[in-house]
Number of protein chains: 2
Amino acid sequence: MSPLRFDEARSVVFARVREMLGDPQLETVSLDEAHGRVLGRDVRSDRDYPPFNRSARDGFAVIAADVAQVPAELELIGETRAGEPSLFALEPGQTVEIMTGAPGPRNADAVVMVEHSTRNGPRVTLHRSIASGRNLIMAGSETRRGQLVMSAGRRIGYAQTALLGTVGCAEVTVCRRPEIAILSTGDEVLPVDSQPEPYQIRNSNAHSLAAQISRRGGLPRILPVARDRLDETRELIEDGLRSDLLILSGGVSMGKHDLVEEVLSDLGAEIFFTKVRIQPGKPLVFGRVGGTPVFGLPGNPLSTMVTFEVVASVAVDLLGGATDSPLRFRGARLAAPFRHKPVLTRFIGAVLEGDYGDATVRPERGQGSGDVAAFARANCLMVASDAQASWDAGDWIEVMRL
Amino acid sequence: MSPLRFDEARSVVFARVREMLGDPQLETVSLDEAHGRVLGRDVRSDRDYPPFNRSARDGFAVIAADVAQVPAELELIGETRAGEPSLFALEPGQTVEIMTGAPGPRNADAVVMVEHSTRNGPRVTLHRSIASGRNLIMAGSETRRGQLVMSAGRRIGYAQTALLGTVGCAEVTVCRRPEIAILSTGDEVLPVDSQPEPYQIRNSNAHSLAAQISRRGGLPRILPVARDRLDETRELIEDGLRSDLLILSGGVSMGKHDLVEEVLSDLGAEIFFTKVRIQPGKPLVFGRVGGTPVFGLPGNPLSTMVTFEVVASVAVDLLGGATDSPLRFRGARLAAPFRHKPVLTRFIGAVLEGDYGDATVRPERGQGSGDVAAFARANCLMVASDAQASWDAGDWIEVMRL
């Protein structure tokens, strides 16, 4: 099997995890807790929106035909503030003073802004004519009662929070957070609170994965580091398989002492792919043991982070009830020329600078896929396509958020 | 004072809030809890990275000069796995078998990959010559002990989590979350769990603001809705001023019944601006009462969300200890022509579709700045500059994340 492109690998993960999904497990939380979660059930509008003919301006509600010729003097029959019901119905030649957010009187079809009026006791002179419908948003024109306004499987951002609040969802049915087990492997790996010998490193991978998982709404469960012994590795892998997804870091580079593949094979794993044509992260295993998907990510810190973000994150999104898992690329201009051998798609920690209209991106050069300090100076991933060998300064190149 | 452009308004907020900042208040949390927070103290590297000459490959550690001519037969003097100290020093003509992540023997300056070797008992034939330094990352080449690796004021994403874990920060000193009071105003506004009359609406603004504030690391405090009475409005504003920042929604449109400005004036507020040339959101008040910054955002749901995101968010970032507050624009191609009157910068809820290499954006057309359902279908804000009147299909236009 020849190694997959990253988008092909994403498609495989998408299809396989979808096959494994059971019915989503739901729970109910408050509107404020729902932010960042995935909606569990379709939400329909509880009433028409706006629920009344709502004024978009402070001014005078009119029958537009009455102000076809201006100046037009109208009889002022009352006033309506926001939060009050409208008590009026306009006859030709009449107007009601009205505040932003207030309901228009019956028969009104437009609002002339207060700036274009002169008040003379019980009469008002309006100096601007106006088209029917202007500054008065008709009941039901935005949303009809019973209309689907948000589908199950959509992630709840702040705009969706506003929508759910508007239609009265003080509580929201959301999908349960998927539990994601994280297992780092290797005799050289120690917990982050330990003082390693010169030939040892700390288990930073478990914590960056936990952050990446949390950010997508998953519940990370960090297992103890699996040392390079068969029985211990097997026991921890079996423990991890009790979660909704197991993510291993390290132990999949086909090295002589890598035990992960041996254990997975013993457990009857079905492997869907073992390599993806990206850098960092070429050895990248995806499979299943029974009903639980498993990833084996490379152990170098940058490789672990990038392969999760580019490929494994799809599984976390789907297990969390989301119906899609987009990467959200954007373009930026290269600050300097860039060249690579176009055999892999490269994801390179990079610094995006400037903002409105003039964003430029430059790779944050480090010493390799273990140089966490260089990677942590980056604020995006620059994506060098395997279909292009060189870019000039000022050329557009893809970036994705870090 | 003529209304400001949005970037000028952001600069005013940045400068004024900076003047009001005291020393940041710090607290210590676990590494996993630190994700999304702002670093409170500079972090320096606890040792050299890599801490030893680390092999980037499974293979044979060599003196590069020994394999200048290939094939080269070398004496195999031992083996080092990851997690073991190196017990060896190479003499010319010798090699050590070495695993990815393991420390190289003394005098080695490169690693030949195992794929380019043939093993014959105690001797190994290597078939590729290699440059000095290749596949062996020298101690200290990434980071030196004592070197600044992350500055106070930087937000902790997953890459920074990896870095902090690597240098042994099992606990992290972060800036205290700023408390942000949220006060919606207006007789027409009811709590989200209530059943409004046709002329009333629910207080969705408080909850979308809470989501926007939480996402930036602030602690939202939602106050009861201020009805249109002077004493009640004043009492709630005074309560809100006890937080680090007060954000009002509604009551700033200069209407006849808007009490907010009257109260702020009574309290001796210093106002820095009252309008910004953006749509939605023209009336946008920023000032201070004593040492507390205050925003008056327009009350329409879309206006509230957009003005927070584009202008007020700067204050939340700074009060949270962050040293910057970038907007992160990106470009995408317009799916269809777009035209506007270039007097304001327009922020339009839009749908970004496609991903790698072919993102297109199209505005999500709604009925106006109250159409939350249309806005919630958007996944980005398209930014129509006040310096350009029309765009063709396929033209690049700025977008920012929603």
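Just above, that's the structure.
These notes cover the structure that comes with them.

Scanning chain A from N- to C-terminus turns up eight helices and 28 strands. In terms of overall dimensions, chain A is more spread out than a globule: its C-alpha atoms have a radius of gyration of 30 Å, far above the 21 Å expected for 402 residues. Overall, chain A is about 95 × 50 × 40 Å in size when its C-alpha atoms are taken along their principal axes. Within chain A, the proportion of its 402 residues that are buried is 56%.

For an α-helix, the turn length of 3.6 residues means that residues three or four places apart are oriented alike. Taking 1.5 Å of rise per residue, 12 residues should cover 16 Å, and helix α4 (residues 204-215) of chain A covers 17 Å from first to last C-alpha, within 8% of that figure. For α4 of chain A, the set of buried residues is Ser204, Asn205, Ala206, His207, Ser208, Leu209, Ala210, Ala211, Gln212 and Ile213 of chain A.

The next subject is the packing of helix α1 (residues 6-20) of chain B against helix α6 (residues 301-319) of chain B. Residues and elements named next belong to chain B. It is at 9 Å that the axes of α1 and α6 come closest, and there the two elements cross at 20°. Classified by the angle between their axes, α1 and α6 sit roughly parallel to one another. The chirality of how α1 crosses α6 is right-handed. Contacts from Phe6, Ala9, Arg10, Val13, Phe14, Val17 and Arg18 of α1 reach α6 at Glu309, Val310, Val311, Ser313, Val314, Ala315, Leu318 and Leu319. In terms of residue class, the contact of α1 with α6 is made up of 11 nonpolar, one polar and three charged.

Among the structural elements, Arg202 of chain A can be located in strand β15 (residues 201-202). Judged by its relative accessible area of 6%, Arg202 of chain A is buried. Here the side chain of Arg202 of chain A touches Val167 of chain B through a polar contact of 3.5 Å, landing on its backbone oxygen.

Moving on to the packing of aromatic side chains. Counted according to the given criterion, the structure contains 11 aromatic pairs over all chains. The interplanar angle of 5° and the centroid separation of 4.2 Å between the aromatic rings of Trp396 of chain A and Trp396 of chain B together place this pair among those described as stacked. Taken together, the positions of Trp396 of chain A in strand β28 (residues 396-401) and Trp396 of chain B in strand β28 (residues 396-401) put the pair across two chains. Classification of Trp396 of chain A by relative accessible area gives partly exposed; the value is 30%. Taking 5.3 Å as the distance between ring centres and 90° as the angle between the ring planes, the aromatic pair formed by Phe6 of chain B and Phe347 of chain B counts as edge-to-face. Here Phe6 of chain B is found in helix α1, whereas its partner Phe347 of chain B is found in strand β24 (residues 345-353), with 341 residues between them in sequence. The two residues Phe6 of chain B and Phe347 of chain B agree in class, both being buried. Each member of the aromatic cluster is reached from another via a ring pair, and the members are Phe272, Phe273, Phe286 and Phe295 of chain A.

A word on the interface of chain A and chain B. Accessible area lost when the parts come together is the quantity often used to give the size of an interface. Between chain A and chain B, the residue contacts involve 95 residues of the former and 96 residues of the latter. Buried area between chain A and chain B, summed over both chains or domains, comes out near 7800 Å², and the portion from carbon and sulfur atoms is 57%. Counting across the interface, chain A meets chain B through two salt bridges. When the shortest N-O distance is used, the salt bridge between Arg202 of chain A and Asp46 of chain B registers 2.8 Å. Summed over the shared surface of chain A and chain B, the number is 24 residue pairs in polar contact (both at pLDDT 80 or more). Looking at which element gives the most residues to the side of chain A that touches chain B, the answer is helix α3 (residues 158-166) of chain A, with eight residues. For the side of chain A that touches chain B, a count of residues per class yields 42 nonpolar, 27 polar and 26 charged.

Residue and element names in this part refer to chain A. If you trace the six strands from one edge of the open sheet to the other, you get β16-β13-β17-β21-β20-β18, paired in mixed fashion. Only two strands of the sheet have a single neighbouring strand rather than two, namely β16 (219-222) and β18 (270-275). Geometrically, the sheet is characterised by an average inter-axis angle of 20° between neighbouring strands, direction not taken into account. Bridge analysis of β18 against strand β20 (residues 283-289) gives four bridges, and the strand direction is antiparallel. Its bridge partner lying in β20, Ile271 is registered against Gly287.

For the rest of this paragraph, the subject is the environment of Pro92 of chain B. If you trace the backbone, Pro92 of chain B turns up in the loop between β5 (72-80) and β6 (94-98). With near-sequence residues (within four places) excluded, Pro92 of chain B lies in contact with Ile63 and Asp66 of chain B.

Overlaying chain A on chain B yields an RMSD of 0.0 Å, the required transformation being a rotation through 180° with an accompanying axial translation of 0.0 Å. The operation mapping one copy onto its partner corresponds to a two-fold rotation axis. A symmetric contact is evident, with 100% of the interface residues of chain A recurring at the interface of chain B.

A surface patch of like charges, here negative, comprises Asp32, Glu33 and Glu171 of chain A together with Asp193 of chain B. Inspection of the secondary structure assignment puts Glu33 of chain A in helix α2 (residues 31-34).

What follows deals with the packing of α3 of chain A against helix α3 (residues 204-215) of chain B. Contact geometry of α3 of chain A with α3 of chain B gives a least axis separation of 8 Å together with a crossing angle of 155°. By the angle between their axes, α3 of chain A is roughly antiparallel relative to α3 of chain B. Relative to α3 of chain B, the crossing made by α3 of chain A is right-handed. Counting all contacts with α3 of chain A, which are made through Tyr158, Thr161, Ala162, Gly165 and Thr166 of chain A, the residues of α3 of chain B involved are Ser204, His207, Ser208, Ala211, Gln212 and Arg215 of chain B. The residue makeup of the contact of α3 of chain A with α3 of chain B, split by class, is three nonpolar, seven polar and one charged.

Residue and element names in this part refer to chain A. Of all bends in helix α7 (residues 301-319), the biggest is about 55°, found at Ala312. Among the 19 residues that make up α7, 18 are buried, leaving the element largely enclosed by the rest of the structure. Positioned one or two residues after α7, Gly321 has a phi angle of 95°, which is positive.

Attention now moves to the sheet that holds strand β17 (residues 245-249) of chain B. All names here are of chain B. Strand order in the open sheet made by the six strands is β16-β13-β17-β21-β20-β18, with mixed pairing throughout. Two strands bound the open sheet, and with one partner strand each, they are β16 (219-222) and β18 (270-275). The average undirected angle you get between the axes of adjacent strands in this sheet is 20°. Here strand β20 (residues 283-289) runs beside strand β21 (residues 292-297); their pairing, made up of five bridges, is antiparallel. Within β21, the position partnered with Phe286 by the bridge is Phe295. Contacts between helix α4 (residues 230-240) and the sheet are confined to β13 (179-184), β16 and β17, with β17 contributing the most and set at about 145° to the helix.

Attention shifts here to the pairing of strand β24 (residues 345-353) of chain A. Along any regular strand the residues' side chains alternate between the sheet's two faces. Residue and element names in this part refer to chain A. Most of β24 is tucked away: eight of the nine residues are buried. In this structure, strand β19 (residues 278-279) lies alongside β24, joined through two bridges in parallel fashion. When the sheet's bridge partners are listed, Ile278 is paired in β24 with Thr345. Where β24 lies against strand β26 (residues 380-384), five bridges are found, and the strand directions are antiparallel. When the bridges of β26 are listed, Phe347 appears paired with Val383.

So, on to empty space enclosed by the protein. Residues and elements named next belong to chain B. Going through the model one piece at a time under the given rule, you end up with two cavities of 30 Å³ or more. What the largest cavity holds in volume is close to 60 Å³. Taken together, Gly36, Arg37, Val38, Arg155, Cys175, Arg176, Arg177, Pro178, Arg216, Gly217, Val316 and Gly320 make up the full set of residues lining the largest cavity. Grouping the amino acids of the lining of the largest cavity by side-chain chemistry returns four nonpolar, three polar and five charged. Within this model, the second largest cavity holds a volume of roughly 50 Å³.

Reading the values: rules and limits
- Residues numbered from 1 in each chain as written.
- Chains lettered and ligands numbered in written order.
- Predicted model: local features only at pLDDT ≥ 70, side-chain atom pairs only at ≥ 80, totals over all residues.
- Heavy atoms only, no water.
- Helix = DSSP H or I, 4+ residues; strand = E, 2+ residues; numbered from the N terminus.
- Rg over C-alpha atoms; globule rule 2.2 N^0.38 Å.
- Buried < 20%, exposed > 50% of the residue type's maximum accessible area, 1.4 Å probe, protein only.
- Expected span 1.5 Å × (residues − 1).
- Axes fitted to C-alpha atoms, helices over the stretch in contact; angles between N-to-C directions.
- Parallel < 35°, antiparallel > 145°, perpendicular 65-115°, else oblique.
- Left-handed = near helix turned anticlockwise from the far one by under 90°.
- Contact = heavy atoms within 4.5 Å.
- Nonpolar A, V, L, I, M, F, W, Y, C, P; charged D, E, K, R; others polar.
- Polar contact = N/O pair within 3.5 Å; in protein donor to acceptor, adjacent residues only side chain to side chain.
- Phe/Tyr/Trp six-rings, centres within 6.5 Å; stacked < 30°, edge-to-face > 60°.
- Buried area = accessible area lost by both parts, 1.4 Å probe.
- Salt bridge = Lys/Arg side-chain N within 4 Å of Asp/Glu carboxyl O.
- Pairing = 2+ DSSP bridges.
- Least-squares fit on C-alpha atoms with pLDDT ≥ 70 in both.
- Patch = residues over 30% accessible without salt bridge, like charges linked within 9 Å, V, L, I, M, F, W, Y side chains within 5 Å.
- Areas by Shrake-Rupley, 256 points an atom, 1.4 Å probe, with all protein chains shown as cover.
- Lys, Arg positive; Asp, Glu negative; His and termini not counted.
- Charge placed at Lys NZ, Arg CZ, Asp CG, Glu CD.
- Bend = angle between axes of the 7 residues up to and from the residue.
- 1 Å grid on protein atoms, 1.4 Å probe; cavity = no way out; pocket = protein on both sides within 12 Å on 5 of 7 lines; lining within 4 Å.
- Points joined across faces, edges and corners; volume = space filled by probe spheres on them.

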